[in-house]
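# Residue-level structural notes
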Amino acid sequence: MFFALKKKIMCKVLERRKAQKPFDFQYAEGFSLEGEADPMVNNSYYFSAHGESMSVYARLGLRVDSEESWFAVYLGGKLHSLKRELFPAGEAPVRVERDGDRWTLSFKGTLDEGDEAEFSASFIPGQEPIDFTNDMPAVRKATGIANEKWNKAFFGQLQSIDGQCHYEQEGVLEGTLTLNGETSGFRLPCVRDHSFGRRDWNYMNNHLWLMAVSAGCQFNYSMVSYPAMSVMELGNYRDGAGQHYWLRADLDLEQIGKGIVPGGLSFAVALDDGRTINVAARVLAGVIYRFQDGQYVLHENIAEFTIDGKVCRGIFEIGFNGNRDRWFNQRALSGIKR
């Protein structure tokens, strides 16, 4: 009874906040670190593009004193990736630039096993952006908040979560890749992710992000655990019927709380249009990233998905705090209401 009441209260609070502070897409697109002094403030750009024969992902996490840099290409059943993760400010081999409503992504450098790569591409928007604060159903965050004990300290901690802006946009990534002297063109369905604000990787307990994209559909399942909120789940699904947000997922959380990457996952998702769709993901290959001297370890994997009967590729990302006692705040997962 108390859980239902708390969830209802929080839904009203969150809906009111949305109305008072709508998402400002143009401001978010133009955000920069100019004038910033805090090294914990992050401005992160991520691109994830997938087709039947090629997958590529890249990330540039800008801070005033450093740049977190990822680049990986999955081609011919082999993953080629940049092994170095951290560069001084202004020196990362991944570059991201804005040109009107398009974004350009480029890379030039040496990948694992000595592979030389040069990459240049443009992101062409295809769908409206989705802001994780304003567009996702309020009931998803409200559910996570309702699972916690309410007091002054708890609501103070929630401010650490609310300080990030995070949005995604679906489109197409088009360009060329030169790998060891061989050049090929590509045009791939892509999701562009932009987040900014204060990000302390050590504040996260653990997380899971499943994202698949193709010409016919795009799917997102996001779960994160913080000290202030043991489980928060949300996501969306776009198909021929349009963009939909899911209201509940029955993913077995025990499978993702063991500190390892599961070989695969399967679950069902209830959508806001009354449908329930089945989702399955199978890991193909991945890279391990370590943040803040190993305080947080993230596994970024290329995966094959079957979503509502449609086969496509995407990302199976899972991460864990270096302190395993933090995972899900050691809550009994069977007692978490979802």
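See the structure printed just above.
Scope of this entry: the structure provided in the associated data block.

What the protein chain contains, in helices and strands, is four helices and 19 strands. For a compact globule of 338 residues, the expected C-alpha radius of gyration is about 20 Å, and the protein chain comes in at 19 Å, within 12% of that figure. Over its C-alpha atoms, taken along the principal directions, the protein chain stretches across nearly 65 × 50 × 40 Å. Evaluated residue by residue, the protein chain yields a buried proportion of 55% over its 338 residues. Expressed as a percentage of contacts within the protein chain between residues at least 6 apart in sequence, the contacts between residues at least 24 apart total 60%. Just so you have it, the protein chain exposes about 14900 Å², and 50% of that area is on carbon and sulfur atoms. Of the charged side chains in the protein chain, 38 are positive and 44 negative, and the gap between their average positions amounts to 9 Å.

One pass over the full model with this rule turns up 15 salt bridges. In this structure, the salt-bridge partner of glutamate 68 is arginine 59, at a minimum N-O distance of 2.8 Å. A salt bridge links arginine 275 to aspartate 239, with the nearest nitrogen and oxygen atoms 2.8 Å apart. Taken as a pair, arginine 275 in the loop between β16 (264-271) and β17 (276-291) and aspartate 239 in strand β14 (residues 232-239) lie far apart in primary sequence, 36 residues in all. Overall, arginine 275 belongs to the partly exposed group, its relative accessible area being 25%. Judged by relative accessible area, aspartate 239 falls into the buried class, the value being 8%. What emerges from the salt-bridge pattern is a single network uniting Arg59, Arg63 and Glu68.

This brings us to helix α3 (residues 138-146). Extensive coverage of α3 is indicated by the burial of eight of its nine residues. Of the residues making up α3, those classed as buried are Ala138, Arg140, Lys141, Ala142, Thr143, Gly144, Ile145 and Ala146. The inward-facing, buried residues of α3 abut α1 (2-20), α4 (152-162), β14 and β15 (242-249).

Our focus in this paragraph is the sheet that holds strand β18 (residues 296-307). The eight strands are arranged β12-β13-β14-β15-β16-β17-β18-β19 in a closed barrel whose pairing can be described as antiparallel. Within the sheet, the average angular offset between the axes of one strand and its neighbour, ignoring direction, is 30°. Across seven bridges, the pairing between β16 and β17 is antiparallel. Within β17, the residue paired with leucine 265 across the bridge is alanine 281.

The rules behind each value
Residues numbered from 1 in each chain as written. Predicted model: local features only at pLDDT ≥ 70, side-chain atom pairs only at ≥ 80, totals over all residues. Heavy atoms only, no water. Helix = DSSP H or I, 4+ residues; strand = E, 2+ residues; numbered from the N terminus. Rg over C-alpha atoms; globule rule 2.2 N^0.38 Å. Buried < 20%, exposed > 50% of the residue type's maximum accessible area, 1.4 Å probe, protein only. Contact = heavy atoms within 4.5 Å. Areas by Shrake-Rupley, 256 points an atom, 1.4 Å probe, with all protein chains shown as cover. Lys, Arg positive; Asp, Glu negative; His and termini not counted. Charge placed at Lys NZ, Arg CZ, Asp CG, Glu CD. Salt bridge = Lys/Arg side-chain N within 4 Å of Asp/Glu carboxyl O. Pairing = 2+ DSSP bridges. Axes fitted to C-alpha atoms, helices over the stretch in contact; angles between N-to-C directions.

Note that every value here comes from positions in space, so none of it alone points to a role or purpose.
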